[in-house]
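Structural overview
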Amino acid sequence: MPRFRYVIADVFSDSPLEGNGLAVFTDARELAEERLQPLARELNLSETVFVYPPEQGGHAKIRIFTPATEVPFAGHPTLGTAFVLGGPLQLEEIRLETGAGVIPVRLEREGSRIVFGWMTQPVPTVAPYEPAEALLAALGVEESLLPVELYDNGLPHVYVALGSEDEVAALQPDLGALGSLPAVLGVNCFAGSGTSWKTRMFAPAGGVPEDPATGSAAGPLACHVVRHGRVEPGTQIEISQGAEIKRPSTLFARVDGSPEKIDRVEVGGSAVIVARGEFRLE
């Protein structure tokens, strides 16, 4: 009976059972295509990664699945996979091939243990989000303090700025209404100032009612606050997420360039490997 090994890591935390859980199948070459989505649904984490040999000059190719769909890119799966693969390969930088291009991840170590990683993300496109009124109604909020805009770095995320972290914590959105909105996977509501920000991300359309830590949204969030003059380019911001669903997470992000032209987006964080297992599939 074929056996397929996987590793589970908690990403954007240095403590087990916090952050965002991730399953990584470290060798998916013999997994049938029709098994991939059911395995992601079986594990029921925000994302599951399947690792393949490289095709574009990277160290490995990865495919990323939510419980509901395959996505071209996501942040916590990319960072978590870098931790899982980077240890045995003893690399200072690992280059992972995704549906949104090759993502380099720089790894920082204490001795042989990886303790932190910085991934360079695609610079997102940005556009006004046209059904903003329907979005605000589904969230149960009256207004956004910044323009409601859609960013796409391989995953489409929309951003709503609220007046305080307490307002973010108190949100009780209509998930059914959010899931029916067009042209968006993640709905991000945030507040903060300077280097400290709090966010929550809802993705019912992707099978994730609320995400504990969203690396693909952290980079565009940094872009958003730089573009609208809340943070200077080059500033490292700290983003807290996940407390409301008992999975506290910490993400770091910074962008280089100017408010008019973002040149580089980096997102960083920690991860810990918490489990290993295997599926036996006939």
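Read on for a plain summary of the structure. This one's a predicted model, so the numbers in the text were calculated from it and none came from an experiment. (Residues numbered from 1 in each chain as written. Predicted model: local features only at pLDDT ≥ 70, side-chain atom pairs only at ≥ 80, totals over all residues. Heavy atoms only, no water.)

**Quick look at empty space enclosed by the protein**
Tallied over the full model, the rule gives three cavities of 30 Å³ or more. There is about 100 Å³ of room inside the largest cavity. In this structure, the largest cavity is lined by 13 residues; those nearest its centre are Glu47, Leu155, Leu185, Met201 and Ala203. Contributing elements (two or more residues each) for the lining of the largest cavity: strand 13 (196-203) and strand 14 (208-211). For the lining of the largest cavity, the residue count by class is five nonpolar, six polar and two charged. Surrounding the second largest cavity, Tyr159, Asn188, Thr199, Met201, Thr214, Ala217, Ala218, Leu221, Ile239, Gln241 and Leu251 form its lining. (1 Å grid on protein atoms, 1.4 Å probe; cavity = no way out; pocket = protein on both sides within 12 Å on 5 of 7 lines; lining within 4 Å. Points joined across faces, edges and corners; volume = space filled by probe spheres on them. Helix = DSSP H or I, 4+ residues; strand = E, 2+ residues; numbered from the N terminus. Nonpolar A, V, L, I, M, F, W, Y, C, P; charged D, E, K, R; others polar.)

**Some remarks on helix 6 (residues 215-227)**
The end-to-end C-alpha separation of helix 6 is 19 Å, in line with the 18 Å expected for 13 residues at 1.5 Å each. Taken across its 13 residues, helix 6 has twelve buried, putting it largely inside the fold. Gly229 sits one or two positions beyond helix 6 and adopts a positive phi of about 75°. (Expected span 1.5 Å × (residues − 1). Buried < 20%, exposed > 50% of the residue type's maximum accessible area, 1.4 Å probe, protein only.)

**Section: the nonpolar core**
In this structure, Phe12, Ile94, Val105, Phe190 and Ile239 are the most contacted members of the largest nonpolar core, which totals 53 residues. If you tally residues by element for this core, the top one is helix 6, at seven residues. Setting aside residues up to four positions removed in sequence, Ile239 forms contacts with Trp197, Thr199, Ala218, Leu221, Ser249, Thr250, Leu251 and Ala253. (Core = buried A, V, L, I, M, F, W, Y, C linked by side-chain atoms within 4.5 Å. Contact = heavy atoms within 4.5 Å.)

**Some points on the pattern of salt bridges**
Enumeration over the complete set of coordinates arrives at 16 salt bridges. Put simply, Arg227 and Glu149 hold a salt bridge, and the shortest N to O gap is 2.7 Å. Placement of Arg227 in helix 6 and of Glu149 in strand 10 (residues 149-152) is noted, with a sequence separation of 78 residues between them. A relative accessible area of 26% places Arg227 in the partly exposed class. With a relative accessible area of 9%, Glu149 lands in the buried category. Through salt bridges with shared partners, a single ionic network connects Arg106, Arg254, Arg264 and Glu266. (Salt bridge = Lys/Arg side-chain N within 4 Å of Asp/Glu carboxyl O.)

**Observations concerning helix 1 (residues 33-43)**
Where helix 1 is concerned, the buried positions are Leu36, Gln37, Leu39, Ala40 and Leu43. Buried residues along helix 1 cover an arc of 160° about the axis, so they all sit on one side. Exposed positions of helix 1 whose direction lies more than 90 degrees from the buried face are Glu34 and Glu42. Within two residues after helix 1, Asn44 carries a phi angle of roughly 60°, on the positive side. (Arc of directions from axis to C-beta.)

**Concerning the layout of surface pockets**
Rolled over the atoms, a probe with the dimensions of a water molecule shows which regions are left empty. Roughly 200 Å³ of internal volume is contained in the largest pocket. As for the largest pocket, its lining consists of 15 residues, of which Asn20, Asn44, Leu45, Ser46 and Pro212 are closest to the centre. The biggest single contributor to the lining of the largest pocket is strand 14, with three residues. In the lining of the largest pocket, the residues fall into six nonpolar, six polar and three charged.

**A short note on the pairing of strand 1 (residues 3-11)**
In terms of residue burial, strand 1 counts as a mostly covered element, since seven of its nine residues are buried. In terms of strand pairing, strand 1 meets strand 18 (residues 271-280) through nine bridges, oriented antiparallel. Bridge assignment links Ile8 to a residue of strand 18, and that residue is Ala275. In terms of strand pairing, strand 1 meets strand 2 (residues 20-25) through six bridges, oriented antiparallel. Looking at strand 2, one finds that Val7 is bridged to Val24. (Pairing = 2+ DSSP bridges.)

**Quick word on the side chain of Glu149**
A polar contact is formed between the side chain of Glu149 and the side chain of Tyr151, at a distance of 3.4 Å. Here Arg227 takes part through its side chain, which lies 2.7 Å from a polar atom of the side chain of Glu149. Discounting chain neighbours no more than four positions away, the residues touching Glu149 are Val126, Ala127, Pro128, Tyr129, His157, Val158, Tyr159, His224, Arg227 and His228. (Polar contact = N/O pair within 3.5 Å; in protein donor to acceptor, adjacent residues only side chain to side chain.)

**Re the side chain of Asn20**
Relative to the helices and strands, Asn20 resides in strand 2. Within the local environment of Asn20, its side chain forms a polar contact with the side chain of Asp211, the two groups lying 3.0 Å apart. Contact partners of Asn20, with chain neighbours within four places excluded, come to Ala9, Asp10, Val11, Ser46, His76, Asp211, Pro212, Ala213, Arg247 and Ser249.

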